[in-house]
Amino acid sequence: MEMKLSKRLFLKGACCGAAVLGTGFAASASAADNTVVAHAPAPTGLSPDEALALLKKGNDDFVADRVPVLHIDRKRRLEIAEAQHPFAVLVGCSDSRVPPELLFACGLGDLFIVRVAGNTVDMVGLGSIEYAVEHLGVPLVVVLGHERCGAVAAAVAAVKDSADYDSAIEAMVAPILPSVLHSTRLEGDLLDNSVRENVKRVVERLRISTDVITSKLEAGKLKIVGARYDLDEGKVDFFV
């Protein structure tokens, strides 16, 4: 993470390997190899809704096996070497099956990622998010949970079976417990309900977490949303 603020307002080149119709994005595709080449404006030029649409289109391409030309080459490295302009913060789980850049067909410098098992946010994570929002001008924060999350399953076991964990794992599980307790009153699968409730809880807490974040939300310069990734289908469902 760079601490020197950039004076550049725009970057040359594309960001995510996807295009969004109706927002100034354009893309070309090769029917022969099912490859998508995207051309998008600089991340700092995106509104919260445009950033969200870009992520949704990237996930659509991922699910459909439309292989994007990701910007991970030397040219892109040099473009972002002096300054970063990510267009979204992604609060995700550490699970190896949930790599954010791949799920959303993104390249170098596109996403500012905070990852911890169970996609919870402590003070250090909150500081990272606030830095991205205030100093990098990121217009979108996504809290991404996922199907069959092991951290949430551990919290479910603690509630249902009084499972006991050592100090480090206990600290990881503790923030998820309120979501599990709430989900015990809901119909349906306890684990999946807990995954969704955990995402909702993190989103709600972030929306009122700091003056910087709340002021950006009130001004319409920031959006915080929650989502769930389906391990089997590859689809990201934005539900809060």
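It should be noted that the structure appears before, not after, this text.
This text gives an overview of the structure that appears in the document. (Residues numbered from 1 in each chain as written. Predicted model: local features only at pLDDT ≥ 70, side-chain atom pairs only at ≥ 80, totals over all residues. Heavy atoms only, no water.)

1. Description of the sheet that holds strand S4 (residues 88-92)
Phase 1: A sheet is described by the order of its strands in space; here 5 strands give the open sequence S5-S4-S6-S7-S8, paired in mixed fashion. At either end of the open sheet lies a strand with only one pairing partner, and these are strand S5 (111-115) and strand S8 (236-238). Taking the axes of each pair of neighbouring strands and ignoring which way they run, one obtains an average angle of 25 degrees across the sheet.
Phase 2: With 4 bridges connecting them, S4 and strand S6 (residues 140-146) associate as parallel partners. The residue bridging Val 89 from the neighbouring strand is Val 141, located in S6.
Phase 3: Along the sheet, helix H8 (residues 190-207) contacts S6, strand S7 (223-229) and S8; its crossing angle with S7, the most-contacted strand, is approximately 165 degrees. (Pairing = 2+ DSSP bridges. Helix = DSSP H or I, 4+ residues; strand = E, 2+ residues; numbered from the N terminus. Axes fitted to C-alpha atoms, helices over the stretch in contact; angles between N-to-C directions. Contact = heavy atoms within 4.5 Å.)

2. Considerations on the packing of aromatic side chains
Phase 1: The full count for this structure, using the stated rule, is 2 aromatic pairs.
Phase 2: Measuring from centroid to centroid gives 6.2 Å for Phe 112 and Tyr 131, while their planes differ by 40 degrees, and the two rings are tilted. Residue Phe 112 is found in strand S5, and its partner Tyr 131 is found in helix H4 (residues 123-135); the two are separated by 19 residues along the sequence.
Phase 3: Among the residues examined, Phe 112 registers a relative accessible area of 8% and is labelled buried.
Phase 4: The ring of Phe 239 carries the charged tip of Arg 196 above its face, separated from the ring centre by 4.9 Å. (Phe/Tyr/Trp six-rings, centres within 6.5 Å; stacked < 30°, edge-to-face > 60°. Buried < 20%, exposed > 50% of the residue type's maximum accessible area, 1.4 Å probe, protein only. Lys NZ or Arg CZ within 6 Å of the ring centre and 35° of its normal.)

3. Side note on the nonpolar core
Phase 1: Ranked by internal contacts, the top residues of the largest apolar core, which has 22 residues, are Leu 55, Phe 87, Phe 104, Leu 140, Val 142, Leu 144 and Phe 238.
Phase 2: Listing elements by their share of this core, those giving two or more residues are helix H1 (48-63), S4, S6, S7 and S8.
Phase 3: With 21 residues, the next largest nonpolar core counts Tyr 131, Val 133, Val 199 and Val 202 among its residues. (Core = buried A, V, L, I, M, F, W, Y, C linked by side-chain atoms within 4.5 Å.)

4. A closer look at the packing of H4 against helix H9 (residues 211-218)
Phase 1: Two elements in contact, H4 and H9, have axes separated by 9 Å at closest approach and are oriented at 45 degrees. Judged by the inter-axis angle, H4 sits oblique to H9. Here H4 and H9 pass one another in a crossing that is left-handed. Residue-level contacts link Leu 126, Ile 129, Glu 130, Val 133 and Glu 134 of H4 to Val 212, Ile 213 and Lys 216 of H9.
Phase 2: Of the residues contributing to the contact of H4 with H9, the split by class is 5 nonpolar, no polar and 3 charged. (Parallel < 35°, antiparallel > 145°, perpendicular 65-115°, else oblique. Left-handed = near helix turned anticlockwise from the far one by under 90°. Nonpolar A, V, L, I, M, F, W, Y, C, P; charged D, E, K, R; others polar.)

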